[in-house]
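# Close look at the chain arrangement
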Amino acid sequence: MPTASSAQPAASSPAPVAALHGRRVVFVDGVRTPFGRARKDGLYAHTRADDLSVKTVRELLRRHPNLDPARVDEVAIAATTQQGDQGLTLGRTVGVLAGLPRTVPGYAIDRMCAGAMTAVTSTAATIGVGAADVALAGGVEHMGHHPMGFDADPNPRFVSEQLVAADALNMGVTAENLHDRFPALTRERADAYGAASQAKFAAALAAGKIDPDLVPVALRDPEHGWGLATADEPPRPGTTVEAIAALPTPFRPGGRVTAGTAAPLTDGAASCLLAAEETAAELGLPARMRLVSFAYAGVEPEIMGIGPVPATERALARAGLTIDDIGLFEINEAFAVQVLAFLDAYGIADDDPRVNPYGGAIAVGHPLASSGVRLMTQLARQFEEHPEVRYGLTTMCVGLGQGGTVIWENPNHADYRPATQDGAAL
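Throughout, a residue's number is its position along its own chain's written sequence, starting from 1. Totals for whole chains, interfaces and linings use all residues, but because this is a predicted model, local features are given only for residues with pLDDT of at least 70 and pairs of side-chain atoms are given and counted only at 80 or more. Computation of side-chain values covers all heavy atoms of the structure but excludes hydrogens and water.

### Thoughts on the overall build of the protein chain
Think of it this way: any DSSP run of H or I at least four residues long counts as a helix, any run of E at least two long counts as a strand, and we number them from the N terminus. Counting its regular elements, the protein chain contains 12 helices and 12 strands. Here the protein chain has a C-alpha radius of gyration of 20 Å; the compact-globule value for 426 residues is 22 Å, and the two agree. Counting only C-alpha atoms and orienting by the principal axes, one finds that the protein chain spans roughly 60 × 55 × 50 Å. Three labels apply to residues, based on accessible area from a 1.4 Å probe with only protein chains included: buried if under 20% of the type maximum, exposed if over 50%, partly exposed otherwise in between. Of all 426 residues assigned to the protein chain, the portion counted as buried reaches 58%. Radius of gyration: over C-alpha atoms. The globule rule applied is 2.2 Å multiplied by the number of residues raised to the 0.38 power.

### Considerations on the UniProt feature "domain: Thiolase C-terminal" (unreviewed entry) in the protein chain
UniProt positions are given in the numbering used here, feature names are shortened, and annotations may be inferred rather than shown by experiment. Taking the numbering used here, the UniProt-annotated feature "domain: Thiolase C-terminal" (unreviewed entry) corresponds to residues 289-409. The straight-line gap between the two end C-alpha atoms of residues 289-409 is 6 Å; of that span, 34% is helix and 26% is strand.

### Here's the deal with the environment of Glu-242
By the secondary structure assignment, Glu-242 is in helix H7 (residues 241-245). With relative accessibility at 62%, the residue Glu-242 sits in the exposed group. In this structure, the C-alpha to C-alpha distance between Glu-242 and Asp-73, residues 169 residues apart in sequence, is 51 Å.

### What about the packing of aromatic side chains?
Stacked, tilted and edge-to-face pairs are distinguished by plane angle, under 30 degrees for stacked and over 60 for edge-to-face with tilted covering the rest, among Phe, Tyr and Trp rings (Trp via its six-membered ring) whose centres lie within 6.5 Å. Overall, the coordinates contain 4 aromatic pairs when judged by the stated rule. On the numbers, 5.9 Å between centres and 80° between planes, the contact of Phe-27 with Trp-408 is edge-to-face. One end of the pair, Phe-27, is in strand E1 (residues 25-32); the other, Trp-408, is in strand E12 (residues 402-409), and 381 residues separate them in sequence. With respect to burial, Phe-27 and Trp-408 carry one shared label: buried. Taking the centre distance of 6.3 Å and the plane angle of 70° together, the rings of Phe-329 and Phe-342 count as edge-to-face. Here Phe-329, found in strand E10 (residues 326-331), pairs with Phe-342, found in helix H10 (residues 336-345); they are 13 residues apart in sequence, far enough to count as distant. Phe-329 gets classed as buried once you look at its relative accessible area, which sits at 1%. A relative accessible area of 1% means that Phe-342 is categorised as buried. Here the aromatic residues Phe-329, Phe-342 and Tyr-346 are joined through ring pairs into a cluster of three or more. Seen from the ring of Tyr-296, Arg-111 lies directly overhead, with NZ or CZ sitting 3.7 Å from the centre. For a Lys NZ or an Arg CZ to count as sitting over a ring, it must be within 6 Å of the ring centre and within 35 degrees of the ring normal.

### Regarding the pairing of strand E3 (residues 74-78)
Across the 5 residues that make up E3, a large majority, 5, are buried. By the alternation rule, side chains of E3 split into Glu-74, Ala-76 and Ala-78 and Val-75 and Ile-77, which are all buried. Strand pairing is assigned whenever DSSP identifies at least 2 bridges connecting the two strands. Sheet topology places E3 next to strand E5 (residues 134-142); 5 bridges connect them, and they run parallel. Paired with Val-75 across the two strands is Leu-136, which belongs to E5. Pairing of E3 with strand E4 (residues 106-109) involves 4 bridges; the strand directions are parallel. In the strand pairing of E4, Ala-78 is matched with Ile-109. Handedness of a crossover is defined as follows: orient the strands so they point away from the viewer, and if the path from the first strand over the helix to the second runs clockwise, the crossover is right-handed. The parallel pair E3 and E4 is bridged by helix H2 (residues 90-97), and the resulting crossover is right-handed.

### Section: the state of the cysteines
For the purposes of this analysis, a disulfide is any pair of cysteine sulfur atoms at a distance within 2.5 Å. Summed over all chains, the structure comprises 0 disulfides. Looking at the unpaired Cys-113, the closest cysteine sulfur is the one in Cys-397, lying at 6.1 Å. Cys-113 sits in the buried class, given a relative accessible area of 8%. Cys-272 forms no disulfide, and the closest cysteine sulfur to it belongs to Cys-113, at a distance of 18 Å. The class for Cys-272 is buried, based on a relative accessible area of 0%.

### A look at the UniProt feature "domain: Thiolase N-terminal" (unreviewed entry) in the protein chain
Summarizing the sequence annotation, UniProt attributes the feature "domain: Thiolase N-terminal" (unreviewed entry) to residues 25-278 in the numbering used throughout. Helix makes up 31% of residues 25-278 and strand 19%, with an end-to-end C-alpha separation of 9 Å.

### Observations regarding the environment of Ile-407
Relative to the helices and strands, Ile-407 is located in strand E12. Exposure remark for Ile-407: the relative accessible area of 0% places this residue in the buried category. Distance in space between the C-alpha atoms of Ile-407 and Ala-319 is 8.1 Å, their sequence separation being 88 residues.

### A closer look at the nonpolar core
One finds Ile-326, Phe-329, Phe-335, Leu-343 and Ile-407 to be the most contacted residues of the largest nonpolar core, which totals 40 residues. Within the residue set of this core, elements represented by two or more residues are helix H5 (171-181), helix H6 (187-206), strand E9 (289-298), helix H9 (308-319), E10, H10 and strand E11 (391-398). It is H10 that provides the largest number of residues to this core, a total of 7 residues. The contact definition used throughout considers only heavy atoms, calling two residues in contact when any of these lie within 4.5 Å. Contacts of Phe-329, omitting those with residues within four sequence positions, involve Ile-323, Phe-342, Ile-348, Arg-354, Val-355, Asn-356, Pro-357 and Leu-393. By size, the runner-up hydrophobic cluster in this structure holds 39 residues, among which are Met-117, Val-120, Ala-124 and Met-376. Put simply, buried Ala, Val, Leu, Ile, Met, Phe, Trp, Tyr and Cys residues joined by side-chain atoms within 4.5 Å make one nonpolar core.

### Considerations on the environment of Asp-85
Mapped onto the fold, Asp-85 is located in the loop between E3 and H2. With relative accessibility at 8%, the residue Asp-85 sits in the buried group. Not counting residues within four places of it along the chain, the set of residues in contact with Asp-85 comprises Thr-47, Arg-48, Ala-49, Asp-50, His-145 and His-146. A polar contact is formed between the side chain of Asp-85 and the side chain of His-145, at a distance of 2.9 Å. In protein, a polar contact requires one atom able to donate a hydrogen and another able to accept it; more generally it is a pair of N or O atoms within 3.5 Å, and residues adjacent in sequence count only if both atoms are side-chain atoms. A polar side-chain atom of Asp-85 sits 2.4 Å from a polar atom in the side chain of His-146.

### What to know about the packing of H5 against H10
Simply put, an axis is a line fit to the C-alpha atoms, just over the touching stretch for a helix, and the angle between two N-to-C directions goes from 0 to 180 degrees. At their nearest, the axes of H5 and H10 sit 9 Å apart, and the two run at 40° to each other. Between H5 and H10, the angle is such that the two are oblique. Every pair of crossing elements has a handedness; the one defined by H5 and H10 is left-handed. From H5, Ala-175, Leu-178 and His-179 reach across to H10, where they touch Val-337, Gln-338 and Ala-341. In the scheme used here, Gly and all other residues not listed as nonpolar or charged are polar, with Ala, Val, Leu, Ile, Met, Phe, Trp, Tyr, Cys and Pro taken as nonpolar and Asp, Glu, Lys and Arg as charged. Its residues placed into classes, the contact of H5 with H10 shows 4 nonpolar, 2 polar and no charged. When describing relative orientation, an angle under 35 degrees is termed roughly parallel and one over 145 degrees roughly antiparallel, while 65 to 115 degrees is termed roughly perpendicular and anything else oblique. Handedness of each helix crossing follows the sense of rotation of the near helix against the far helix: counterclockwise by less than a right angle gives left-handed, clockwise gives right-handed.

Quick look at the structure:
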């Protein structure tokens with residue numbers, strides 16, 4: 001797994017994109033709640049999961065008054081642990097609670113960490129075939145109320161019939177397994193990456209790049225009364241490599257994965273608005289990104305962190321692109337080693353400025369099913385900063401051995417051609 005030297009964000013070559021069937025789909029806007037730590041005294045300890053999701057949907061409608069809520073054709077909301085306050089067919093219940101007309105349908109999705117990503121690609125496909133014009137897609141995870149794997153009952157055949165390794169159901173152990181499988185993925189590299197994620201997020205926050213995508217959430221604490229969540233709780237600015245190196249390895253004695261190189265357990269929600277490109281133009285909605293292609297892939301569950309690599313290969317092939325055409329990368333940081341495995345597979349340096357310019361989940365947190373939309377929202381903002389970049393991607397590993405990747409085109413690029421009224425590119 002060789003690495004390459006760092007490179008500044010640069011324009012992608014104008015490689016021809018394979019013709020994709022159906023209408024062109026655009027990402028209009030995305031928002032998220034501030035993320036909170038999943039613990040008894042965390043930001044959202046007394047807040048319902050579905051109310052977090054409702055807040056994001058309402059904010060999208062507020063930001064886009066040109067959109068008649070009756071024009072929304074579908075609501076898809078994901079959650080990994082679909083029980084209690086994040087159960088009951090979230091897309092439908094969130095739509096009703098958010099004040100959408102009763103005529104707007106909705107559904108729930110579960111693809112673990114890629115839940116919101118799958119909500120986006122599923123509704124985008126619906127738009128692409130002409131079955132919808134506008135959709136809301138997102139995800140929520142209240143890991144404080146619903147710990148990962150809580151009350152799950154994995155079939156004993158998984159282990160007894162050796163369908164998966166016994167440790168494949170523990171995400172931290174799968175990260176240790178990646179270190180084992182690829183010796184070049186050292187703890188020292190992971191520690192440095194973890195510290196860099198914190199530093200990049202802190203810099204992005206100070207530069208005003210994070211707050212525009214946050215929607216404040218009213219809080220009610222039985223002991224302290226009302227409050228307002230306006231900032232993320234998990235980040236630890238000033239984290240050093242030396243501090244991370246001193247942390248214990250909870251998943252294995254003498255291991256390499258620590259709290260400093262893993263995303264913290266997190267509560268939060270994110271949602272986005274998608275539309276057919278010609279519908280967005282009709283309604284006066286911005287087209288911040290165009291969906292080019294997407295793909296999901298399965299891998300050995302015990303090294304689930306490698307999943308973004310084959311998913312990206314498929315997405316690139318479907319788009320008629322190569323990795324050299326990608327000018328910006330938003331890679332979910334479930335674990336530092338998972339990102340490093342992706343970078344090594346493509347010969348990208350650990351500190352390449354095209355990768356997670358605002359930091360990632362190691363700093364801000366990873367509320368499982370919501371993180372896919374956070375990645376997309378950040379990429380859309382980076383596209384605005386870098387009109388010279390034509391293509392970017394969002395990618396993430398998924399529990400039980402999967403990966404997902406979505407490739408996007410930047411409408412600010414000189415070679416971008418918007419759709420005509422019949423949906424074809426000019």
